Amino acid sequence: MSTAWETVIGLEIHTQLATTSKIFSGSPTAYGAEPNTQANLVDLGYPGVLPVLNAEVVRMACKFGLAVNARIAPRSVFARKNYFYPDLPKGYQISQYELPIVFDGELQIETAAGDEKRIGITRAHLEEDAGKSVHEGFSQATGIDLNRAGTPLLEIVSEPDLRSASEAIAYMRKIHTIVRYLGISDGNMQEGSFRCDANVSVRPRGQAELGTRTELKNLNSFRFVEKAINYEIERQIDVLEDGGEVVQETRLYDSDKDETRPMRSKEEANDYRYFPDPDLLPVEISEDYIAAVRESLPELPDAKRKRFVDDYGLRPDDAGILILSLPLADFFEATAAATAAAPQVAANWVIGELSAALNRDGVAIADSRIAAGALARLLDRIEDNTISGKIAKEVFEAMWDGEGSADDIIESRGLRQITDSSAIDSVVDAVIAANPGQAAEYRAGKEKLLGFFVGQVMKETQGKANPAQVNEALKRRLKAE
Amino acid sequence: MSLTKEQVQHIAILARLKLADEQFDDVVAKLSTIVEFVDQLQSAPTDDVVPMAHPLDQAQRLRDDTVTASNERDRLQQNAPAVEAGYYLVPRVIE
């Protein structure tokens, strides 16, 4: 990619709020229901009905605002965004325009170079989702399912502070983690609970004025966001370097072809004629209310990461992995609290063996086949030298397969580590006696051969000899002769 | 301010209204009188006036986040011109 150009990216993230009922009606919001079984008169836009705002939606928006150090509007206003599409029954979407509920926020991301960078959050506003159009399965017709119509969304708009696809991903992941920590969204991208549009432009490096931007839609995974942005950056640079001009337009990302292409102009209606919705009064939020919401905020990802490093002495990278998922972070803390082993050891096992087993078998951490307390017992047995770390992996797999507790498996399989020094010495002596050539080479200075001897002793003891003791005994015995 | 024919055409497209060519002069003239009427407001001094979002000087009341609606699909779909497999049918939307 040419370094003569600078990329400027702003993201609009639509996050579905995890309420029980819709933003303006008492219909349920459960995912996957039979079509149109969760769409009532208000959702369908019947004449004469009125929207009534869901209190939880307001609380969730405030939680988000406070979590990103934003200002909460004492008074915000719903507006009608007018356009025609079959899955929008009223002919307008209720959204917020001039006075959003949350504005002027920020968060810190870590760049690829490992530096902290501040990303501004322009605003976050409440709106209702539209329904879903189904184009397959009907002859000469489109099917409309309005279950999703009226589902509450928080649209989070960043400043154009992002300078690469990787920064955009880092920002998006951060938002994703925050909304899940706050419990305001499940963040499920497959189900569309967390979606992203990207505004992308390029300009000659050093130029203050922004280039013409395009808006990329249809980005429903972190990988697609990255690929679509990178494709678009290259496309725009090619256009400009060939002496052309970037056209301001909305483009769809096609993941099969890995390219973006313009939407038909007919699908675009950039003239939304916003005006305040007369069916809804301004939302007023008091200082007391904000203070109460602030009290209810959980520990946020950045604070948790810092605490994991400061209090548990974890490596920052490991702390960063654990905090990405709140259940994983909680599992680590429960394990660390219940074991005599060092917290870093607990972190290694949660990030390593446990995460690998969860991924391999497609099991969520909440359904882990090994509880935190059970993992803690296993780590205790490493800590008190009952078993080695290597044998512990075998025990872990057996625990995962439901064979019982760490202690049960160690006993039933006879895995208890050999720590009796006379027993280890006799195996060591036998191994040295069986390999006189290597022993002579070792004594002549080829100390790398120690590993060979350790391997032989471990083989003789089925891996049960204490590795530190074996090393010590080998050095002592080899030197002695 | 008078509207142009192009502006009225644009508004008609946004509003999905089909106007016959011979209707335009009349519609442009009539809409222009409305715009001119509203234009008078531009001369009112509003520098110190907080924009009004709603004529009722009240705040929005909120409802609890509970499900109060039941599934009335069968009844509601009796009003629809065409339904199939629980979906409302509309003329094919070309992607």
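A. Representation of unusual backbone geometry in the model. All names here are of chain A. Positioned with a positive phi, Asn36 is a non-glycine residue whose angle comes to about 65°. The residue Asn36 is located in the loop between strand 1 (5–16) and helix 1 (41–44) in this model. For Asn385, which is not a glycine, the phi torsion comes out positive at approximately 65°. Inspection of the secondary structure assignment puts Asn385 in the loop between helix 10 (372–383) and helix 11 (389–400). Here Asn385 falls in the partly exposed class, since its relative accessible area comes to 40%.

B. Spatial organisation of the interface of chain B and chain A. Facing the 37 residues of chain B at the interface are 53 residues of chain A. Taking both partners together, chain B and chain A bury about 3900 Å²; carbon and sulfur atoms supply 58% of that area. Where chain B packs against chain A, one counts 0 salt bridges. Inspection of the region where chain B meets chain A yields 25 residue pairs in polar contact (both at pLDDT 80 or more). Listing elements by their share of the side of chain B that touches chain A, those giving two or more residues are helix 1 (5–14), strand 1 (62–63), helix 3 (73–77) and strand 3 (87–91) of chain B. The greatest single-element share of the side of chain B that touches chain A, amounting to 5 residues, is contributed by strand 3 of chain B. Both strand 10 (residues 141–145) of chain A and strand 3 of chain B contribute to a ladder of 4 bridges, which runs antiparallel. Paired with A:Ile144 across the bridge in strand 3 of chain B is B:Tyr88.

C. Structural context of the pattern of salt bridges. Residue and element names in this part refer to chain A. In total, this model carries 42 salt bridges over all chains according to the counting rule given. Residue Arg305 pairs with Glu110 through a salt bridge whose shortest N-O separation is 3.4 Å. With Arg305 in helix 6 (residues 301–312) and Glu110 in strand 7 (residues 102–110), this pair connects stretches of sequence that are 195 residues apart. Residue Glu110 is classed as partly exposed on the basis of its relative accessible area, which comes to 39%. Notably, a salt bridge pairs Arg381 with Asp407, separated by 2.9 Å at the nearest N-O pair.

D. Spotlight on the packing of helix 13 (residues 421–434) of chain A against helix 14 (residues 436–443) of chain A. All names here are of chain A. Following both chains from N to C, one finds helix 13 and helix 14 inclined at 95°, their axes separated by 5 Å at the closest point. As far as their axial angle goes, helix 14 and helix 13 are roughly perpendicular. Between helix 13, through Ile432, Ala433 and Ala434, and helix 14, the contact on the second element is made entirely by Pro436, Ala439 and Arg443.

E. Fine view of the nonpolar core. All names here are of chain A. One finds Leu11, Phe64, Tyr171, Ile175 and Ile229 to be the most contacted residues of the largest nonpolar core, which totals 66 residues. Other than its neighbours up to four places away in sequence, Ile229 contacts Ile9, Ala165, Ala168, Ala198, Val200 and Leu216. Membership of the second largest hydrophobic core comes to 38 residues, among which are Ala319, Ala357, Leu375 and Ala398.

Conventions we followed
Counting restarts for each chain, with residues numbered from 1 along the sequence as it is written. Chains carry letters from A onward and ligands carry numbers from 1 onward, assigned in written order. For this predicted model, a pLDDT threshold of at least 70 governs which residues receive local features, and a threshold of 80 or more governs which side-chain atom pairs are given and counted, while totals over whole chains, interfaces and linings are taken from all residues. Water and hydrogen atoms were dropped before computing side-chain values, which therefore reflect all heavy atoms in the structure. Secondary structure is summarised from DSSP: a helix means a run of H or I of at least four residues, a strand means a run of E of at least two, and numbering begins at the N terminus for each. Here's how the labels work: a residue is buried when its accessible area is under 20% of the maximum for its type, exposed when over 50%, partly exposed in between, all with a 1.4 Å probe on protein chains only. We call two residues in contact when some of their heavy atoms are within 4.5 Å. Once two parts are put together, the accessible area they lose, assessed with a 1.4 Å probe and summed over both, is termed the buried area. The rule for a salt bridge is simple: a side-chain nitrogen of Lys or Arg has to be within 4 Å of a carboxyl oxygen of Asp or Glu. Pairs of N or O atoms within 3.5 Å make up the polar contacts considered here, provided that, within protein, one atom can donate a hydrogen while the other can accept it, and that residues adjacent in sequence are counted only when both atoms are side-chain atoms. For two strands to be treated as a pair, DSSP must find no fewer than two bridges joining them. Between N-to-C directions, angles span 0 to 180 degrees; the directions come from axes that are lines fitted to C-alpha atoms, helices contributing only their stretch in contact. Should an angle fall under 35 degrees it is called roughly parallel, over 145 degrees roughly antiparallel, and 65 to 115 degrees roughly perpendicular, with every other angle called oblique. Each nonpolar core is a collection of buried residues, namely Ala, Val, Leu, Ile, Met, Phe, Trp, Tyr and Cys, held together in the definition by side-chain atoms within 4.5 Å.

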